[in-house]
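# A structural walkthrough
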Amino acid sequence: MAKTKQFKTESKKLLHLMTHSIYTQKEIFLRELISNASDAIDKRHFLSLTDTSIPAETYEIWITPDEVNNTLIITDNGIGFTEEELINNLGTIAESGSKSFLEKMDEKNLDLIGQFGVGFYSAFMVADEVTVETRSPYASTGYKWTSNGETSYTIDEIEKETLGTTITLNLRQDDEENEETFSTYTKPYTLRSLVKKYSDYVRYPINMMVTNKKDEKESQEVETLNQMVPIWKRSKADIKDEDMNAFYKHQFGDYEDPLKVIHTSVEGMLTYTALLFIPKKAPYDFYSEKYEKGLQLYSKGVFIQDKNKDLFPDYFKFVKGLVDSADISLNISREVLQQNHQVKKIAAHLEKKIKSELESMLLHEKETYLTFYENYKNTLKYGIYESFGLNKEKLQDLILFKTNKSDDYLTLKEYIERKQIDQHAIYYATGKSKQSILNLPQMDIMKDKDLEVLLFTDEIDEFMIQVMQSYNEVPFKSIQQADTDLMDETKKEDLKSKEKDNKDIMKAIKKALKDKVKDVKLSYRLKESAVCLVSGEGISMEMEKVLKQMPNAKDIHADKILEINPDHELFQALKVIYEKDEKKINEYASILYHQALLIEGLPIEDPTEFSNHLVKLMIDSSK
Ligand code: ADP
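Source: prediction; values computed, not measured. (Residues numbered from 1 in each chain as written. Predicted model: local features only at pLDDT ≥ 70, side-chain atom pairs only at ≥ 80, totals over all residues. Heavy atoms only, no water.)

### Structural notes on the overall build of the protein chain
- A tally of regular secondary structure across the protein chain gives 20 helices and 25 strands.
- Once the C-alpha set of the protein chain is aligned to its principal axes, its extents read approximately 120 × 55 × 50 Å.
- Here the protein chain holds 623 residues, and the buried ones make up 51% of them.
- When contacts within the protein chain are restricted to residue pairs at least 6 apart in sequence, long-range pairs at least 24 apart make up 69% of them.
- Carbon and sulfur atoms form 48% of the exposed surface of the protein chain, whose accessible area is close to 31500 Å². (Helix = DSSP H or I, 4+ residues; strand = E, 2+ residues; numbered from the N terminus. Buried < 20%, exposed > 50% of the residue type's maximum accessible area, 1.4 Å probe, protein only. Contact = heavy atoms within 4.5 Å. Areas by Shrake-Rupley, 256 points an atom, 1.4 Å probe, with all protein chains shown as cover.)

The structure is reproduced here in structure tokens:
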């Protein structure tokens, strides 16, 4: 006699969510059922080792689609259910995965279903009736459990000879809201691809009978849909590069081989295998907000999550790959995962591993590192910049710069090693390109003193350096700032006396430019050039440029200081003009200032004024 029983309250809630689900990835039900089947086989296998009354078997999972009846049958020869187990396991929710799923869920955020091990009930997303026929070695008869997933289920005794469970899903026809035809789950190609996607690495064969047509003749054949041994579980020596590359391309949707493969296994207190890849080229959306970092997460070969973001820090977000750990249970919610101890430990390992692999690449495979660096340098630099430099120590030896003396990239360590003995700063200059920096008037003195200057051509560079401040206690110093330490005592004296001699004209120039610059100074650092602009404390002119491009840019200004070369012919000319006609100095000062802006690659604030002054100057010189 069939007994009808009520689901427990929580089960009803979960079932209600499942049966009314508008979640689009209903396909995960197959993953859940196959994973249950695999667990049930695990249990039987384990028990058979000690309990001789339980026969061992050739363990298999079968999926049998039936297009005509619109059903899908999943069969395993695992441990099966006793009657009590049917009531306890399928009538109530005891599992923490489903429980926390319920706590977090409502109809609005159903898209999280895929992240949870929601288990058996997910079958009701695609089926309007589910029948479980089962036989446990601990029961004297078989049982049949049936439900439409609403409020109750029935249990009946049945004859069943073989141990294990057969689950029949009476598939829903069409979902009107979604215009989705669930009978897609009776199509061999759908099932094939779902097994490949979610359950490829289940340890037991997942078989399906397929009909082959050859020369008008039909024949039935068993097809095993899963590979069973994940590539990352094979011994490294057995994996050919081409297999690994093919796996990467298929799994992570790249059309090129990876630049670097990191395959690592850890056993002990924490057990996991990680297979990490660095793509040769940054994905097209890598630098956009759309890009999602993350690793696929598996638990003993069963796929749990597509992009787990907690397994490595943002500054390594270019890494793709997967982690398979027996320490992570399949039925774990995303929220729980985030706080999961094991995940945190794995993440700490992986961070170290990625870092050391990059360091060794830099040391031993420079060419490969350069390709890597060209693609991802901004990510590393941003990593130093963000969190107020918290990660500076970890990343500073991975960044490279070109210099005025080197077309090859240099590490900061290399710069320090070859700097002059009495040099107490790491000099840098910022500009659009290498050439524009080399042309800077401020480079004159650096060339003169044979000093090496890091060339900053990425927008992030100066921001990063502001946060870093120093490398191994050697401070960074911009050659485009007012205060450099390049002047020796005799120079200082010399400059002082020149300032004294030219007090009046300097005052006049300052007055003429009082709205434009913070100060006007005589300079010791210029040789060929007549003038240059430098910035004072705080943000530099290059940073001003970057900040101005930002959306909602505030009116940000770098303090500008105009430096004039007292030994340049032009300054002598200015003096002559000043003596002849004091007022003329206003126009000349303005031209000088605009010219300095141009040299710095800054926009001319008032092109008309600048042009008028030039025109006037030309006319005057003809008189
Ligand atoms: P979970 O797998 O997260 O525990 P499910 O709702 O999927 O939750 O399943 C509940 C329980 O039912 C399982 O823990 C397991 O004990 C039992 N079960 C599910 N499927 C099978 C099966 N194919 N064979 C034997 N037992 C099963």
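### Re the sheet that holds strand β2 (residues 61-66)
- A sheet is described by the order of its strands in space; here 9 strands give the open sequence β1-β6-β5-β4-β7-β3-β2-β10-β11, paired in mixed fashion. Of all the strands in the sheet, the pair left with one neighbour each is β1 (3-6) and β11 (217-224). Neighbour to neighbour, the strand axes of the sheet diverge by 20° on average, direction disregarded.
- Across 8 bridges, strand β10 (residues 206-214) lies against β11 in antiparallel orientation. Paired with K214 across the bridge in β11 is K217.
- Packing of helix α5 (residues 188-199) onto the sheet brings it into contact with β2, β3 (71-76), β10 and β11, and relative to β10 it is tilted by some 145°. (Pairing = 2+ DSSP bridges. Axes fitted to C-alpha atoms, helices over the stretch in contact; angles between N-to-C directions.)

### What to know about unusual backbone geometry
- Positioned with a positive phi, S387 is a non-glycine residue whose angle comes to about 50°.
- One can find S387 in the loop between α9 (366-385) and α10 (392-395).
- For S387, a relative accessible area of 40% corresponds to the partly exposed category.
- Unlike most non-glycine residues, E473 shows phi in positive territory, near 70°.
- Considering the arrangement of structural elements, one finds E473 in the loop between β21 (470-471) and β22 (474-478).

### Here's the deal with the pattern of salt bridges
- Within the structure shown, the criterion is met by 35 salt bridges.
- For the salt bridge of K548 with E544, the shortest nitrogen-to-oxygen distance reads 2.9 Å. With a gap of 4 residues between them, K548 and E544 both fall in helix α17 (residues 541-549), about one helical turn apart.
- Residue classification places E544 among the buried positions, given a relative accessible area of 5%.
- Taken together, the shared-partner salt bridges in this structure form one network comprising E374, K377, K381, D458 and D461. (Salt bridge = Lys/Arg side-chain N within 4 Å of Asp/Glu carboxyl O.)

### Brief notes about the pairing of β22
- As paired elements, strand β19 (residues 426-430) and β22 share 3 bridges and run parallel to each other. Of the residues in β22, the one forming a bridge with Y427 is K477.
- Where β21 hands over to β22, the hairpin turn is made up of 2 residues, of which N472 adopts a positive phi near 45°.

### Digging into the packing of aromatic side chains
- A full pass over the atoms with the stated rule returns 28 aromatic pairs.
- Ring geometry for Y248 against F277: centres 4.8 Å apart, planes inclined by 40°, an arrangement best described as tilted. Separated by 29 residues along the polypeptide, Y248 in helix α6 (residues 241-252) and F277 in strand β13 (residues 272-279) bring together distant segments of the chain.
- For F277, a relative accessible area of 1% translates into the label buried.
- Taken together, the aromatic side chains of F286, Y287, Y291, Y315, F316, F318, Y369, F372, Y373, Y376 and Y409 make up a single cluster linked through ring pairs.
- The side chain of K317 reaches across the aromatic face of F286, ending 5.1 Å from its centre.
- The ring of Y409 carries the charged tip of K402 above its face, separated from the ring centre by 5.0 Å. (Phe/Tyr/Trp six-rings, centres within 6.5 Å; stacked < 30°, edge-to-face > 60°. Lys NZ or Arg CZ within 6 Å of the ring centre and 35° of its normal.)

### Quick look at the sheet that holds strand β24 (residues 531-535)
- On the basis of which strands lie adjacent, the open sheet formed by 3 strands has the order β23-β25-β24 and mixed pairing. Each end of this open sheet is capped by a strand with a single partner; those strands are β23 (519-522) and β24. For this sheet, the mean inter-axis angle between neighbouring strands, taken without regard to orientation, is 30°.
- Pairing geometry for β24 and strand β25 (residues 560-564), over 5 bridges, is antiparallel. Bridge pairing links C532 to E563 in β25.
- Together, β24 and β25 form the strand contacts of helix α19 (residues 584-599), whose direction differs from that of β24 by roughly 65°.

### Considering the packing of helix α18 (residues 569-580) against α19
- Across the interface, α18 lies against α19 with an axial gap of 9 Å and an inter-helix angle of 155°. One element, α18, and the other, α19, form an angle in the roughly antiparallel class. Of the two possible hands of crossing, α18 and α19 adopt the one that is left-handed. Across from L570, L574, I577 and Y578 in α18, the residues of α19 making contact are K584, I585, Y588 and L592. (Parallel < 35°, antiparallel > 145°, perpendicular 65-115°, else oblique. Left-handed = near helix turned anticlockwise from the far one by under 90°.)

### What about the domain arrangement of the protein chain?
- In terms of domain boundaries, the protein chain breaks down into domain 1 (3-224), domain 2 (231-370), domain 3 (399-479) and domain 4 (485-623).
- Taking only C-alpha atoms, the centre of domain 2 and the centre of domain 4 are 54 Å apart. (Domains from an automatic or database assignment.)

### Re the nonpolar core
- The biggest cluster of nonpolar side chains holds 94 residues, and the ones touching the most others in it are F316, F318, L358, Y369, F372 and L380.
- When near neighbours in sequence (up to four residues on either side) are disregarded, F372 contacts L259, I278, F318, L358, M361 and L380.
- Counting 48 residues, the second-largest nonpolar core is a separate cluster that includes L30, I167, Y198 and V210. (Core = buried A, V, L, I, M, F, W, Y, C linked by side-chain atoms within 4.5 Å.)

### Observations concerning the side chain of Q423
- Among the structural elements, Q423 can be located in the loop between α11 (412-418) and β19.
- Residue classification places Q423 among the buried positions, given a relative accessible area of 5%.
- In this structure the side chain of Q423 is engaged in a polar contact, spanning 2.9 Å, whose partner is the side chain of Y415. (Polar contact = N/O pair within 3.5 Å; in protein donor to acceptor, adjacent residues only side chain to side chain.)

### Overview of α19
- A rise of 1.5 Å per residue sets the reference length of α19, with its 16 residues, at 22 Å; its end C-alpha atoms lie 23 Å apart and thus fit the reference within 8%.
- Among all positions of α19, only I585, E587, Y588, A589, S590, I591, L592, Y593, H594, A596 and L597 are buried.
- Here the buried face of α19 lies against α16 (503-512), β24, β25, α18 and α20 (607-622).
- Positive backbone phi, approximately 75°, marks G601, located one or two places after α19. (Expected span 1.5 Å × (residues − 1).)

### Quick word on the packing of α16 against α18
- Across the interface, α16 lies against α18 with an axial gap of 11 Å and an inter-helix angle of 90°. When the interaxial angle is binned, α16 and α18 end up roughly perpendicular. Taken together, the residues of α18 that come into contact with α16 (itself represented by D504, I505, M506, A508 and I509) are F571, L574, K575 and Y578.
- Looking at the contact of α16 with α18 residue by residue, the classes come out as 7 nonpolar, no polar and 2 charged. (Nonpolar A, V, L, I, M, F, W, Y, C, P; charged D, E, K, R; others polar.)

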